[in-house]
Amino acid sequence: MRFGLWSMTSPPPGISDIDLYEQQLREAELADRLGYDHIWFFEHHCSPTSPAPSPNLLIAAAAQRTRNIRLGAMVNILPYRNPVILAEEIAMLDVLSRGRVDVGLGRGLKPVEFDLLGVDQAQSRRMFHESVDAMKRLWADENFSMETDWFRIDKKTPMAPGVVQKPHPPFYISAQSEDSLRWAAKHDIPFAQIDATIDECKRDAAFYRTVQIASNHPPRPRLIITREIYVAKTDAEAREQAYPWLVRYWNLWDRYAQFTAQGRMPEDYKVWRERSPRLAKMSFEEVVAAGLILVGSPETVAAQLRRLTSQVDLFALACVFKFGGMPFDMLAANLEMFAREVKPLL
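1. Notes on the overall build of the chain
Then step 1. Looking only at helices and strands, the chain has 13 helices and 12 strands in total.
Then step 2. For 346 residues, the compact-globule estimate of 2.2 N^0.38 gives 20 Å, and the C-alpha radius of gyration of the chain, at 20 Å, lies within 12% of that figure.
Then step 3. Projecting the C-alpha coordinates of the chain onto the three principal axes gives extents of approximately 60 × 45 × 40 Å.
Then step 4. Taking all 346 residues of the chain together, the buried fraction comes to 56%.
Then step 5. The long-range fraction of contacts in the chain, counting pairs at least 24 apart against all pairs at least 6 apart in sequence, stands at 72%.
Then step 6. Counting only carbon and sulfur atoms, one obtains 52% of the accessible surface of the chain, whose full area is about 15,000 Å².

2. Side note on the environment of alanine 232
Then step 1. By secondary structure assignment, the location of alanine 232 is in the loop between strand E10 (223-231) and helix H8 (235-250).
Then step 2. With 106 residues separating them in the primary sequence, alanine 232 and phenylalanine 338 have C-alpha atoms 9.0 Å apart.
Then step 3. Ignoring anything within four residues of it in the chain, the contact list for alanine 232 reads Glu237, Ala238, Gln241, Gly296, Ser297, Pro298 and Met337.

3. So, helix H10 (residues 270-280)
Each α-helix turn comprises 3.6 residues. Residues three or four places apart therefore point the same way.
Then step 1. Taken as a whole, H10 has its buried residues at Val271, Trp272, Arg275, Ser276 and Leu279. The arc that holds every buried residue of H10, seen down its axis, measures 110 degrees, which confines them to one face.

4. A look at the pattern of salt bridges
Then step 1. Under the definition given, this model contains 22 salt bridges.
Then step 2. The partner of arginine 65 in a salt bridge is glutamate 29, and the shortest N-O contact between them spans 3.2 Å. Here arginine 65, found in the loop between helix H2 (55-63) and strand E3 (70-73), pairs with glutamate 29, found in helix H1 (residues 17-33); they are 36 residues apart in sequence, far enough to count as distant.
Then step 3. In this structure arginine 65 comes out as partly exposed when scored by relative accessible area, which is 29%.
Then step 4. Notably, a salt bridge pairs aspartate 179 with arginine 182, separated by 3.3 Å at the nearest N-O pair. In this pair, aspartate 179 and arginine 182 are both assigned in helix H6 (residues 178-186), three residues apart and thus about one turn of the helix distant.
Then step 5. Overall, the relative accessible area of 27% leaves arginine 182 in the partly exposed class.

5. With respect to the packing of aromatic side chains
Then step 1. In total, this model carries 12 aromatic pairs according to the counting rule given.
Then step 2. Between tyrosine 243 and phenylalanine 284 the ring centres are 5.0 Å apart and the planes differ by 80 degrees, which places this aromatic pair in the edge-to-face class. You can see tyrosine 243 sitting in helix H8 and its partner phenylalanine 284 sitting in helix H11 (residues 284-289), a full 41 residues away along the chain.
Then step 3. On the basis of relative accessible area, tyrosine 243 is assigned to the partly exposed category, the value being 43%.
Then step 4. By the ring-pair criterion, three or more aromatic residues cluster together here, those being Phe3, Tyr36, Phe321 and Phe338.

6. So, the nonpolar core
Then step 1. In this structure, Tyr36, Trp139, Ile229, Leu317, Phe321 and Phe338 are the most contacted members of the largest nonpolar core, which totals 74 residues.
Then step 2. The leading source of residues in this core is helix H13 (residues 328-342), at eight residues.
Then step 3. Here tyrosine 36 is in contact with Phe3, Leu5, Ala31, Ile69, Phe321, Leu335, Phe338 and Ala339, once residues within four sequence places are set aside.
Then step 4. Ranked by size, the runner-up nonpolar core spans 45 residues in total, among them Trp250, Trp253, Leu279 and Phe323.

7. Thoughts on unusual backbone geometry
Then step 1. For the bond running from methionine 74 to valine 75, omega is 15 degrees, close enough to zero to count as cis.
Then step 2. Structurally, the position occupied by valine 75 is in the loop between E3 and strand E4 (76-77).
Then step 3. Across the junction of alanine 160 and proline 161, the peptide omega takes the value 0 degrees, indicating a cis bond.
Then step 4. Among the secondary structure elements, proline 161 is positioned in the loop between strand E7 (152-155) and strand E8 (171-174).
Then step 5. With a phi angle near 50 degrees, aspartate 195 is a residue other than glycine that sits in the positive phi range.
Then step 6. Relative to the helices and strands, aspartate 195 resides in the loop between strand E9 (191-193) and helix H7 (198-214).
Then step 7. Backbone geometry places asparagine 216, a non-glycine residue, at a positive phi of 65 degrees.
Then step 8. Within the fold, asparagine 216 resides in the loop between H7 and E10.

8. Some remarks on the environment of isoleucine 15
Then step 1. Within the secondary structure layout, isoleucine 15 lies in the loop between strand E1 (2-7) and H1.
Then step 2. It is 27 Å that separates the C-alpha atoms of isoleucine 15 and proline 111, two residues lying 96 residues apart in sequence.
Then step 3. Those residues in contact with isoleucine 15, other than ones at most four positions away along the chain, are Leu20 and Gln23.

9. Some remarks on the packing of helix H5 (residues 124-140) against H6
Then step 1. For the pair H5 and H6, the least separation of the axes is 12 Å and the interaxial angle reads 10 degrees. Classified by the angle between their axes, H5 and H6 sit roughly parallel to one another. In the packing of H5 onto H6, the handedness of the crossing is right-handed. Across the interface between the two elements, Arg125, Phe128, His129 and Val132 from H5 touch Asp179, Ser180 and Trp183 from H6.

10. Examining the packing of H2 against helix H3 (residues 83-96)
Angle between the axes and distance between the axes are the two parameters that describe a pair of packed helices.
Then step 1. Where H2 contacts H3, the axes come no closer than 9 Å and their chain directions differ by 15 degrees. Here H3 runs roughly parallel to H2, going by the angle between their axes. Crossing hand, H2 versus H3: left-handed. Taking contact as the criterion, the partners of Asn56, Ile59, Ala60 and Ala63 in H2 are, on H3, Leu86, Glu89, Leu93 and Leu96.
Then step 2. A breakdown of the residues in the contact of H2 with H3 according to their chemical character gives six nonpolar, one polar and one charged.

Reading the values: rules and limits
Residues numbered from 1 in each chain as written. Predicted model: local features only at pLDDT ≥ 70, side-chain atom pairs only at ≥ 80, totals over all residues. Heavy atoms only, no water. Helix = DSSP H or I, 4+ residues; strand = E, 2+ residues; numbered from the N terminus. Rg over C-alpha atoms; globule rule 2.2 N^0.38 Å. Buried < 20%, exposed > 50% of the residue type's maximum accessible area, 1.4 Å probe, protein only. Contact = heavy atoms within 4.5 Å. Areas by Shrake-Rupley, 256 points an atom, 1.4 Å probe, with all protein chains shown as cover. Arc of directions from axis to C-beta. Salt bridge = Lys/Arg side-chain N within 4 Å of Asp/Glu carboxyl O. Phe/Tyr/Trp six-rings, centres within 6.5 Å; stacked < 30°, edge-to-face > 60°. Core = buried A, V, L, I, M, F, W, Y, C linked by side-chain atoms within 4.5 Å. Axes fitted to C-alpha atoms, helices over the stretch in contact; angles between N-to-C directions. Parallel < 35°, antiparallel > 145°, perpendicular 65-115°, else oblique. Left-handed = near helix turned anticlockwise from the far one by under 90°. Nonpolar A, V, L, I, M, F, W, Y, C, P; charged D, E, K, R; others polar.

See the structure below:
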């Protein structure tokens, strides 16, 4: 199992934008030194609580300050982007990182962002598939033409620069619905799930495995799940220190529940329509008991993680070590204690 960071661009109170991004890059440097396998940055638009309109710029900056850790977006939201420009950016990132870039793919979630950018969220799945098809052809073919309802491409020269990793950098997908899981499994692409319960993970991993085998791929783990993690010397200290930040972070599910209640989530976002109100109602103690967050001493967190991995076969764990605008010193201590005191117990 690989260990990665899902790095939150969530501002602590009173921080400047300059210091916010500098701290996020220091997080990448620390994770690299501690031997983590991946760091993923997210994408959000006109969001004061998550000011990350370009995860690829963070990747470009982190590439110059790290040496081994793999760098990726979780995710690039394809309906928002022209596939030619995105394919060129990813090729540049692959060069700048010396072949360490991963390509996270998604179709977007927040209705307010689709409204902001003038994109029809109900068409996001179709736009996603057409963009992926276009990007793969852009990297592979010198001459390539394609026309859809959203873009037109007429390429008559090689991609410049080309990608370092052939035929292209590894893909990852955010997949919660059966349609997304089926597509990922047919292509043997690792799939990420955000705050999914153990039962949801087991169900979706089994469905994925069935399609994976039927598509003539070897049966191997492809599931990535996010888990908020906080480690301190004792269980009591960990809970006391993490509680206010975790509660603030968990309130994001209330925002998605409101979108659902307002009828703003399209029908084919059924999983989110069902998951967000359920998670929004859970108390801190219920979230801990369900294994959705891992909090405690190194021994406790290691036991929680062993229990998790005994039930689901993971490709990677996407660790959220910073949440709710947590200060950098708490993040750094959390990140280091997990690497030095939890991982050796697994």
